[in-house]
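A closer look at the structure
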Amino acid sequence: MKKRLAMISMVILLTLSLMAGCTQQPEPEAEAPNGNGGPEAPIMSLIAVGECTFAPFEYIDEATGEPAGFDVDLIKAIAEAANFEVEYKNMDWNSLIASLQTGEADLVVSGMTITDERALEVKFSDPYFESGQAWCVEEGSPIKSLDDLAGKTVGVQINTTGDYAAQKLDEMFKEEGKQGLGIKRLEHAADVFNELRVGGVDAVISDLPVIQEYLKNNPESNMIIPEPAFTVEYYGIAMRKQDKEIHELINKGLAVIKASGKYDELYEKYFGTK
Ligand code: ARG
């Protein structure tokens, strides 16, 4: 008797699970706006901005004169996945967050590190890239480690995490009774490398992938990166705090392109295999 009952309940269970399988709804992706069902009108049109001297994340393409780079491709891919339109514009670093508040832009996609201070003013998307601060010098430089920077001068882009890291180092050196760190705070991310080349600074602190890209594109500069990155940071897309619908769209689009392999494709295009 017990056996029969067990058999019956197994049959019921099996039937139920089969039925569930049959009535399961198709994955939302299959009926996504840009799926095979034909294009739907975009939900909205957004303006993205970034400071375009930060290759390979954003730079001005010499051939087209237009912004290009990982961040530009990324936001376009997110827009396609989440069915909105996006236009990407170049803007000064110090104006980016302000442009959200004035309504000039809706998204800052600029290799911007998610920090607590910035999060007081803007809402960040889920992190989209792991990065960190590193430093470079010209080959043959007597500076062999971060500690050797005491009493020297570094070039940083103003108000970046590189700038903040340099300020911390300066304080640390002084606390240790050493000479401080001279900090040259420049307007554009790319300026720091020129400054090192003309001897205006002894070293550069910037985001590691950006230093690596500069070295790759300018082998004649004879620069080296003596140590691995000394911070871990995550980039996020910055938005107005109150734009709840946009936050959701961005995070949804990011999740879709991560799942679809599109993110990996872009990553490989700019950084090679992970
Ligand atoms: N990740 C650094 C920061 O958030 C530097 C970003 C600089 N980006 C740029 N497009 N210039 O402070």
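All values derive from a computational prediction rather than experimental measurement.

With respect to the helices and strands, the residue R118 is situated in helix 4 (residues 116-119). Notably, R118 is buried but unbridged: the nearest opposite-charge side chain belongs to E233, and the N-O separation is 6.6 Å. If near-sequence neighbours (up to four positions away) are discounted, R118 is found in contact with W93, I97, M112, T113, F124, N159, T160, T161 and Y164.

The next point concerns the nonpolar core. Core analysis: the largest hydrophobic core is formed by 47 residues, its most contacted members being F70, I75, F84 and L107. For this core, the secondary structure elements donating two or more residues are strand 1 (45-50), helix 2 (70-82), strand 9 (133-138), helix 6 (191-197), helix 7 (208-217), helix 8 (244-260) and helix 9 (262-271). If one sorts the elements of this core by residue count, helix 2 sits on top with eight residues. I75 has contacts with A48, F84, V86, Y88, L107, V109, I237 and I250, leaving out every residue within four places of it along the chain.

Moving on, we come to the environment of E130. Structurally, E130 can be placed in strand 8 (residues 129-131). Taking the C-alpha atoms as reference points, E130 and Y235, 105 residues apart in sequence, are found 6.6 Å from one another. The residues contacting E130, other than those within four sequence positions of it, are V232, E233 and Y234.

Below, the discussion takes up the site of the ligand. Around the ligand, a shell composed of 15 residues is seen, among which E51, T113, R118, T161 and D207 lie nearest. Between the ligand and E51 there is a distance of 2.6 Å, counted from a nitrogen atom to a side-chain nitrogen or oxygen. Taking Q157, its side chain carries an N or O atom lying 3.0 Å from a nitrogen atom of the ligand. With the chains in place, 100% of the 350 Å² that the ligand exposes on its own is no longer accessible.

A few words on the sheet that holds strand 4 (residues 67-68). Strands sit in the order 2-3-4 across an open sheet of three strands; the sheet is antiparallel. With partners counted over all chains shown, the strands left at the sheet margins are strand 2 (53-54) and strand 4, one partner each.

In this structure, the amide linkage connecting A55 to the following residue, P56, adopts the cis form with an omega of 5°. Counting through the fold element by element, P56 comes out in the loop between strand 2 and strand 3 (58-60). Of note, N83 is a non-glycine position whose phi angle comes to about 60°, a positive value. You can call N83 buried: its relative accessible area is 6%. Although it is not a glycine, N222 adopts a positive phi angle of roughly 55°. You can see N222 is positioned in the loop between helix 7 and strand 13 (223-224). With a relative accessible area of 43%, N222 lands in the partly exposed category.

Thresholds, definitions, all that
- Residues numbered from 1 in each chain as written.
- Predicted model: local features only at pLDDT ≥ 70, side-chain atom pairs only at ≥ 80, totals over all residues.
- Heavy atoms only, no water.
- Helix = DSSP H or I, 4+ residues; strand = E, 2+ residues; numbered from the N terminus.
- Buried < 20%, exposed > 50% of the residue type's maximum accessible area, 1.4 Å probe, protein only.
- Lys, Arg positive; Asp, Glu negative; His and termini not counted.
- Salt bridge = Lys/Arg side-chain N within 4 Å of Asp/Glu carboxyl O.
- Contact = heavy atoms within 4.5 Å.
- Core = buried A, V, L, I, M, F, W, Y, C linked by side-chain atoms within 4.5 Å.
- Near = heavy atom within 4 Å.
- Polar contact = N/O pair within 3.5 Å; in protein donor to acceptor, adjacent residues only side chain to side chain.
- Areas by Shrake-Rupley, 256 points an atom, 1.4 Å probe, with all protein chains shown as cover.
- Pairing = 2+ DSSP bridges.

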